[in-house]
Amino acid sequence: ARDVAIGEPWSTNFDLFAVPAGGGRPRNLTADNPAWDTHPVFSPDGKTLASAADDGTVKLWDLPGSARGPVKAEVPPPQRVNAMAFTADGRTLVTAGADGTVRVWDAVTRADRHCLRGHASPVQALALSPDGKTLAVAGGTPGQSGEVALYDPASGKLVKSLGSLADTVFGV
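So, here is what we can say about the structure in this document.

1. Some details on the pattern of salt bridges
Applying the stated criterion across every chain yields a total of two salt bridges. Linking Arg103 and Asp112 is a salt bridge whose minimum nitrogen-to-oxygen distance equals 2.6 Å. Note on Asp112: relative accessible area 37%, which makes it partly exposed. With a shortest N-O distance of 3.3 Å, Arg113 and Asp106 are connected by a salt bridge.

Here you go:
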C-alpha cells in the first residue's frame, strides 16, 4: 500500500465501482467522468444505482440483473447534487441541489416530474417517509441559518415549513 498523502497529489477523480460480492474483478462505473462521482444510492430492488457527478448530472445505472441490463441515462439538475433518495417502490428518484431546488424524477422514464423551489439556500439533505407520502427537505449555508420543510412528493406542494433554524441542517 502507498500513502498518497505523501507520495503524490490528492486526486480529483473519485470513481464508483461495482464489486461482485462473491469475488471477482471490480468494475469502474464512472470511468468516463474525470471528476467527482458522489452520493451513490441504490433503488430498493437493487437493480438501479443513482450517482451524482460534479457537473450537476445524475446518472442512473441499470445494473446487471435488471430487465434492461447495464445502461446509463442522465438527468440534468441545474447544479451540484447534495442528496438523493428513491421512493420505496423505486419508481421515483428525488434529488436535492446546491441551488436550493429539489427535483422529483420518474426513475423509469427519466422524466422530470416537478421541481420544488422555495429554499433560499442549498438543500443539504432529504428523506422520504416509508410510505413515500412525505418528503423532508433540509439545508442552509454553513454558519448561517438553516431550514426544514415537508412536502408532498406526488404534487410538489409544501405541507409544512418548520421555519428558520439557528444553523444549517445536514440530515433529516
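2. Observations concerning the environment of Pro44
With respect to the element layout, Pro44 can be found in the loop between strand E3 (37-42) and strand E4 (48-53). The class of Pro44 is partly exposed, set by a relative accessible area of 49%. Along the primary structure Pro44 and Phe86 are separated by 42 residues, whereas in three dimensions their C-alpha atoms are 7.3 Å apart. Once residues lying within four places of it in the same chain are set aside, the contact partners of Pro44 are Phe86, Thr87, Ala88 and Gly90.

3. Points about the sheet that holds strand E14 (residues 158-165)
Here four strands make up an open sheet; going across it, the order is E11-E12-E13-E14 and the pairing antiparallel. Edge positions in the sheet fall to strand E11 (123-128) and E14, since each has one partner strand and no second. The average angle at which neighbouring strand axes cross in this sheet is 15°, direction not considered. One ladder, built from five bridges, connects strand E13 (residues 146-151) with E14; its direction is antiparallel. Residue pairing for E14: Ala149 is matched across the bridge by Ser161.

4. Examining the side chain of Asp106
Among the structural elements, Asp106 can be located in strand E9 (residues 102-106). Among the polar contacts made by the side chain of Asp106, one reaches the main-chain amide nitrogen of Thr109 at a distance of 2.9 Å. Of the polar contacts made by the side chain of Asp106, one reaches the side chain of Arg113; its length is 3.3 Å. In this structure, Asp106 is in contact with Arg91, Ala111 and Arg113, ignoring residues within four places of it in sequence.

5. As for the sheet that holds strand E7 (residues 81-86)
The four strands are arranged E7-E8-E9-E10 in an open sheet whose pairing can be described as antiparallel. Of all strands in the sheet, those bounded by a partner on one side alone are E7 and strand E10 (112-116). In this sheet, neighbouring strand axes are inclined to one another by 15° on average, regardless of whether the strands run parallel or antiparallel. Strand direction decides the pairing type here: strand E8 (residues 92-97) and E9, joined by five bridges, are antiparallel. Directly across from Thr95, in E9, lies its bridge partner Arg103.

6. A few points about the pairing of E11
For E11, the tally of buried residues reaches five of six residues, placing the bulk of the element in the interior. Relative to strand E12 (residues 135-140), E11 runs antiparallel, the two being bridged by five bridges. Looking at the pairing, Ala125 lines up with Ala138 of E12.

Rules behind the numbers
- Residues numbered from 1 in each chain as written.
- Predicted model: local features only at pLDDT ≥ 70, side-chain atom pairs only at ≥ 80, totals over all residues.
- Heavy atoms only, no water.
- Salt bridge = Lys/Arg side-chain N within 4 Å of Asp/Glu carboxyl O.
- Buried < 20%, exposed > 50% of the residue type's maximum accessible area, 1.4 Å probe, protein only.
- Helix = DSSP H or I, 4+ residues; strand = E, 2+ residues; numbered from the N terminus.
- Contact = heavy atoms within 4.5 Å.
- Pairing = 2+ DSSP bridges.
- Axes fitted to C-alpha atoms, helices over the stretch in contact; angles between N-to-C directions.
- Polar contact = N/O pair within 3.5 Å; in protein donor to acceptor, adjacent residues only side chain to side chain.

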